[in-house]
Amino acid sequence: MVEPSPPPATAAPEPVVTLQGVSVAYGKAWAMREVTASFRPGAVGLLGPNGAGKSTMIKALLGFIKPNQGSMRVLGLDVTTAPLEIRSRIGYMPENDGHIPGMNAVSFVAYCGELAGLRPVDAMQRAHEVLYYVGLGEARYRNVETYSTGMKQRIKLAQALVHDPDLLFLDEPTNGMDPKGRDEMLALIRDLAHNKGVNLILCSHLLPDVEHCCDHVVVMDKGRIATQGPIEELKGPRGRVFEIRAKDGHDRLVAACRAAGFECHETDEDVMRVFVPEGLGAREVFALAAHEGLQLRHLRPSLPTLEDVFAKAVGDV
Amino acid sequence: MPIHDQGYRRYGGGKDARGQAWLVIARSGIKTMLARRLFLALLLVSWIRFFYECIRVYLTTNFGQFSVLATTAQTFREFLEFQELWVFFITIYVGAGLISNDRRANALQIYLSKPLTRFEYVAGKAATLAVFLLGVTWLPAMLLLVIQGLFAGSFAFIREHLFLLPAITVYAFLQVMLATFAMLALSSMSKSARFVGIMYAGLIFFTDAIFGMLKFLVKASGASLVSPTQNLAQLGDVIFRVPPRHETPAVASLTVIVFLLVVSIVILERKVRGVEVVA
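Let me sum up the structure you'll find in this document. This one's a predicted model, so the numbers in the text were calculated from it and none came from an experiment. (Residues numbered from 1 in each chain as written. Chains lettered and ligands numbered in written order. Predicted model: local features only at pLDDT ≥ 70, side-chain atom pairs only at ≥ 80, totals over all residues. Heavy atoms only, no water.)

Attention now moves to the layout of surface pockets. In this structure, the largest pocket spans a volume of roughly 760 Å³. The wall of the largest pocket is formed by 33 residues, among which Pro101(A), Met103(A), Ser28(B), Gly29(B) and Thr32(B) lie closest to the centre. Mapped onto the lining of the largest pocket, the elements with two or more residues apiece are helix H3 (105-115) and helix H4 (120-133) of chain A together with helix H1 (21-34), helix H4 (73-104) and helix H6 (118-136) of chain B. Top element by residues in the lining of the largest pocket is H1(B). It accounts for eight residues. (1 Å grid on protein atoms, 1.4 Å probe; cavity = no way out; pocket = protein on both sides within 12 Å on 5 of 7 lines; lining within 4 Å. Points joined across faces, edges and corners; volume = space filled by probe spheres on them. Helix = DSSP H or I, 4+ residues; strand = E, 2+ residues; numbered from the N terminus.)

Take the pattern of salt bridges next. If you walk through the whole model with that rule in mind, you get 22 salt bridges over all chains. For Arg9(B), the salt bridge is made with Glu129(A), and the minimal N-O distance between the two is 2.4 Å. Placement of the pair is Arg9(B) in the segment before H1 and Glu129(A) in helix H4, with the two residues belonging to separate chains. Judged by relative accessible area, which is 44%, Arg9(B) ranks as partly exposed. Owing to a relative accessible area of 13%, Glu129(A) belongs among the buried residues under this scheme. Taking the shortest distance from any N to any O, the salt bridge between Arg104(B) and Glu145(A) comes out at 3.6 Å. Of this pair, Arg104(B) sits in helix H4 while Glu145(A) sits in the loop between H4 and helix H5 (149-161), which puts the two residues in different chains. On the basis of relative accessible area, Arg104(B) is assigned to the partly exposed category, the value being 42%. (Salt bridge = Lys/Arg side-chain N within 4 Å of Asp/Glu carboxyl O. Buried < 20%, exposed > 50% of the residue type's maximum accessible area, 1.4 Å probe, protein only.)

Next comes the structure, spelled out in structure tokens:
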């Protein structure tokens, strides 16, 4: 009798980026403090409020900034010993506008391809392809300096893609874009990550952008990692979140919820999101309000969002 | 509906070995400049002295009555000294925007996110300027030497003045290196090409004016040390074996030139970065 062989162990995929105890200081100010993180293949969001250290991390990974301590690996290569090999395999879309002056879009993108080692003919062909892909096909012979903000974002993506990188660093890719352009950009990013096999790190402070494109997230705050992991896992089990609004005594309700061990996040409006522990439900929320003599005007079951994860990790947003 | 889906495809072609990026930068820079009519006109004008010298060589080698104008080693020294004017204009025209324009357009982060080093970037920019400067100094001077031999029907002059080959090369390269690195250093310090051009012109004229004042007022023997052009001229005299125009030792002039080159390189090292950190 043949013994059935055990099912193959599903090994965790090798991370594309790892940081081990990385600290970066600008003078006396610490931008990153002993950051240890790993980015899995696929689309990973790098979230954090302004000044959290996201862009510093990207720049350190690119070798622009030398960390005060710690080690970093990108695609299995050490950033300090193999920076050029790393840069030949990554694409970087910077946060602020950047282009080579005096060039039209197709020349600029082809030039970037050549800088990355593509032969001139291949670089030109790739430039046309990626410009069509990012939606600048019709405007590819226009000088980049005449482009609108949205078009400049697209061309930055094109120059990052032209040499077909294995990993993309996208630093605030939807900055300054109108809603339609933003949706198109996010669709491109999602397509790259999910259909074209390009790993990417999407650095943003816009939670919906990250939630739309990424499966994993690394949240930074004040130069440290606040939390990291798969978004679905971080969100926790469904059905334990309620949006509630009291007639009066909003602050009392918040205090009562917190005293009862319910996690409570206030939103921009007078609605707050209450996270009820496992096994409890709306009944307990009503009971709490009744006990405090408060009238609930609104109670609606909700789903945990990335905003909740972010708020939990960083504090109320 | 497009016939062919213009989607993103992975690249299956080859890539060049690393270390070639400076050539890409230089090639692009040279192409950009050659596309400008004004620059082509400037290049053409900068060769006028060469054509004049060719006519002179032709006359002196073929007509005895012009023998008083015969070519000597001094001719080449004077030729290269005259070309300094064009070196000045071309340095400003080509060099002022080489790095400053990239800084203005935040292009450094684009360049340095590609597989090239800062050294390669500077080398590419330097090559762009140096090619044009050598094209108005070393190239016409060498051609003049060859044309002298061709018009004379013998290379006796070259054989007798064999030192001219290294002299022209060393002096032209010194001239070009100084102009190139000084301009690149200035260009890396500003985001305005116009301002860089003014700074460069100011540097040349101001130091020359200081030299003139010191020479007139103090009659100091080392006054030429304050002016890069005077130091270069002093070295040029020594290289071409003509009596030096200043009392300053050539070694001191060379030290000043080397010092300027080192300062320029240090500035470039500090300024050419993917990110500007203001601590």
